[in-house]
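Chain by chain, the residues:
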Amino acid sequence: MKKYAYNEITYRQYVFFLYKTQIGIGVLTLPRTVSEAAGTDGWIPILVGWAFVLLASWLIISVLKRHPQDTLYDLLPRYFGKWVGGLFNILWMLYGALGAAVILYATVNIMRMWIMPQTSPFWMVILLSIPLYTIGRNGLRVLGRFAEFVYFFTLWMYPLLLFSLPDSRLLHLLPVFKDGWTPFLVAFQTMMPSYLGFEMAFLLYPFLQEKQKALRGVVTASTMTMLLYLFIFLLCTTYFGPEALKTYVWPTLNLMKAIELVFVERFEIFFLSFYYIIVSMTIMPYLYLAVFGSSQLMGKQDHSRHLLVLLALIVLFFAVHPVNYEQSERWTKMFGRAGIGFAFVFPALLFAYVTVSDKMRGRKLS
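Residue positions are counted from 1 within each chain, in the order its sequence is given. Local features are withheld for residues below a pLDDT of 70 in this predicted model, meaning they are given only at 70 or higher, and side-chain atom pairs are given and counted only at 80 or more; totals for whole chains, interfaces and linings count all residues. The side-chain quantities take in all heavy atoms of the structure and omit both hydrogens and water.

This part takes up the packing of aromatic side chains. Here a pair means two rings of Phe, Tyr or Trp (six-membered ring of Trp) with centres within 6.5 Å. Their orientation is stacked below 30 degrees between planes, edge-to-face above 60, and tilted elsewhere. A full pass over the atoms with the stated rule returns 37 aromatic pairs. Geometrically, the ring pair formed by Tyr73 and Phe292 is tilted, given 6.2 Å between the ring centres and 40 degrees between the ring planes. Of the two residues, Tyr73 is situated in helix α4 (residues 72–114) and Phe292 in helix α12 (residues 267–297); the sequence distance between them amounts to 219 residues. Remark: exposure states derive from per-residue accessible area (1.4 Å probe, protein chains only) relative to the maximum for the residue type, with buried under 20%, exposed over 50%, and partly exposed in between. On the basis of relative accessible area, Tyr73 is assigned to the buried category, the value being 5%. In DSSP terms, a helix is any run of H or I states spanning at least four residues, a strand is any run of E spanning at least two, and both are numbered starting from the N terminus.

So, in structure tokens, the structure goes:
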């Protein structure tokens with residue numbers, strides 16, 4: 001009998017869930033951060049980073065398909081025992097809570113700087129938390145449907161960047177390999193946090209109806225993310241030029257600002273108004289990662305109270321210690337470094353451990 005039969009998601013919801021989790025704050029800053037490290041060759045780390053995501057995804061799915069009904073929170077105690085596995089579970093819960101808080105605080109700071117500078121950030125955190133709770137209190141099936149809705153509802157947004165093409169110059173992409181390989185290593189470290197989100201496969205796998213398509217789904221979602229990053233980087237570089245690009249904090253928004261339509265004067269504000277819908281689909285998966293684990297730890301089926309408590313703690317922390325833009329940047333970098341450990345290093349170590357452990361127990365891959 002399927003353990004999560006009443007909360008299953010379709011293959012399409014699975015792909016959109018992973019894709020929308022990856023597209024968060026990074027899509028606004030990535031052209032600058034990559035350009036600072038690799039200049040006009042920034043497209044190369046984007047491709048190399050995608051290859052590493054595929055490798056990590058393969059490791060994750062290879063581990064999970066040995067126990068198709070287990071999430072990460074079931075798997076870790078199974079292999080590491082109650083206490084060590086429980087400790088790993090708590091670390092994953094903290095990782096999810098940290099990710100949700102960091103992305104929410106960063107969103108508030110972006111909204112204040114571009115749209116509502118006079119609005120209290122505290123009230124903004126509360127207002128933005130209401131839809132997060134309203135949707136997130138439901139099960140994974142509802143989140144999958146919401147991911148599907150967000151994808152189709154916001155599909156029109158990024159193609160509008162093509163309005164900048166008449167003023168773009170392909171010569172801004174030259175020369176290639178002008179500084180050797182060293183900048184790629186720096187850019188690679190900068191690039192990897194923007195791909196975070198695919199590690200949600202650890203959580204989604206037992207809920208997926210067609211598990212034989214799990215790896216294909218992660219590859220599809222990450223490829224869509226890579227193509228979007230490549231598209232935005234090339235547009236920003238050819239429009240602004242490699243040196244001017246480094247001076248913009250959120251070059252994607254500045255590119256939107258360059259768009260002039262007859263019926264909309266400041267298009268970037270119009271874009272940001274819809275952008276919260278996109279970024280909420282990055283925050284909710286991390287919230288769910290945290291509260292699903294905590295509810296399982298306490299033997300509860302309903303995670304809604306845990307979600308309410310977690311959001312209340314995030315709001316309370318902001319009330320006591322308001323996070324400004326500079327702090328938000330530092331926290332985002334801290335979460336990015338943690339994410340590299342959880343999404344790339346951890347799957348490799350877990351795969352090695354599980355492979356050796358199963359071999360010693362004489363268990364064959366199912």
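Having seen the model, we can carry on.
Interaxial angle, 0 to 180 degrees, is taken between N-to-C directions of lines fitted to C-alpha atoms, where a helix line uses only the stretch in contact. Where helix α3 (residues 43–64) contacts helix α14 (residues 325–361), the axes come no closer than 9 Å and their chain directions differ by 40 degrees. By the angle between their axes, α3 is oblique relative to α14. Read as a crossing pair, α3 and α14 show a hand that is left-handed. Counted together, Phe52, Val53, Ala56, Trp58, Leu59, Ile60, Ser62 and Val63 of α3 and Ala343, Phe344, Pro347, Ala348, Leu350, Phe351 and Val354 of α14 form the full contact between these two elements. Gly falls in the polar group here, along with every residue not listed as nonpolar (Ala, Val, Leu, Ile, Met, Phe, Trp, Tyr, Cys, Pro) or charged (Asp, Glu, Lys, Arg). A per-class count over the contact of α3 with α14 returns 14 nonpolar, one polar and no charged. Roughly parallel covers angles under 35 degrees, roughly antiparallel covers those over 145, roughly perpendicular covers 65 to 115, and oblique covers all other angles. For a crossing to be left-handed, the near helix must be turned anticlockwise from the far one by less than a right angle; the clockwise case is right-handed. Throughout, a contact is declared for two residues whenever any of their heavy atoms are within 4.5 Å.

In this structure, Met224 sits in helix α9 (residues 214–240). Since its relative accessible area comes to 21%, Met224 is described here as partly exposed. Discounting residues that sit within four places of it in the chain, Met224 has contacts with Val15, Phe16, Tyr19 and Tyr151.

With that out of the way, let us pick up helix α1 (residues 11–22). Owing to its 3.6 residues per turn, the α-helix aligns residues three or four sequence positions apart on the same side. Helix length check: α1 (12 residues) gives 17 Å between terminal C-alpha atoms against 16 Å at 1.5 Å per residue, within 8%. Residues of α1 that are buried: Tyr11, Gln13, Tyr14, Val15, Phe16, Phe17, Leu18, Tyr19, Lys20, Thr21 and Gln22. Tucked inside the fold, the buried residues of α1 contact α3, α6 (140–153), α8 (201–204), α9 and α12. To estimate the expected span of a helix, count its residues, drop one, and scale the result by 1.5 Å.

We now examine the packing of α4 against helix α5 (residues 121–136). As a packed pair, α4 and α5 sit with axes 10 Å apart at the nearest point and diverge in direction by 125 degrees. Comparing their axes, α5 and α4 come out oblique. For the pair α4 and α5, the crossing hand works out as right-handed. Across from Leu104, Thr107, Val108, Met111 and Arg112 in α4, the residues of α5 making contact are Pro121, Met124, Val125, Leu128, Ser129 and Leu132.

One can find Ile259 in the loop between α11 (251–257) and α12. Taking the relative accessible area as the measure of exposure, Ile259 reaches 4% and is therefore buried. Along the primary structure Ile259 and Met191 are separated by 68 residues, whereas in three dimensions their C-alpha atoms are 27 Å apart.

Moving on: the environment of Ile314. Positionally, Ile314 belongs in helix α13 (residues 304–320). A residue is classified by how much of its surface remains accessible, and Ile314, at 6% relative accessible area, is buried. With 164 residues separating them along the chain, Ile314 and Val150 place their C-alpha atoms 24 Å apart. Sequence-distant contacts of Ile314, that is, excluding residues within four places in its chain, are made with Ala101, Leu104, Tyr105 and Leu287.

Throughout this description, the term nonpolar core refers to a set of buried Ala, Val, Leu, Ile, Met, Phe, Trp, Tyr and Cys residues connected via side-chain atoms within 4.5 Å. The biggest cluster of nonpolar side chains holds 120 residues, and the ones touching the most others in it are Tyr14 and Trp92. Look past the residues within four positions of Trp92 in its chain and what remains in contact with it is Leu72, Tyr73, Leu76, Glu199, Phe202, Leu289, Phe342 and Phe346. Counting five residues, the second largest nonpolar core, distinct from the first, contains Ala37, Ala38, Phe184 and Ala187.

This paragraph deals with a nonpolar patch on the surface. A cluster of nonpolar side chains, namely Leu87, Ile90, Leu91, Leu94, Leu297 and Met298, defines an oily patch on the protein surface of about 590 Å² accessible area. In terms of residue count, the dominant contributor to the nonpolar patch is α4 (four residues). Exposure above 30% relative accessible area and the absence of a salt bridge qualify a residue for a patch, where like charges join within 9 Å and nonpolar side chains (Val, Leu, Ile, Met, Phe, Trp, Tyr) within 5 Å. All accessible areas in this document rest on Shrake-Rupley with a 1.4 Å probe, and a residue is counted as covered only by the protein chains that are shown. In the sections that follow, a salt bridge refers to a side-chain nitrogen of Lys or Arg positioned within 4 Å of a carboxyl oxygen of Asp or Glu.

By themselves, these observations are geometric and do not establish any function.
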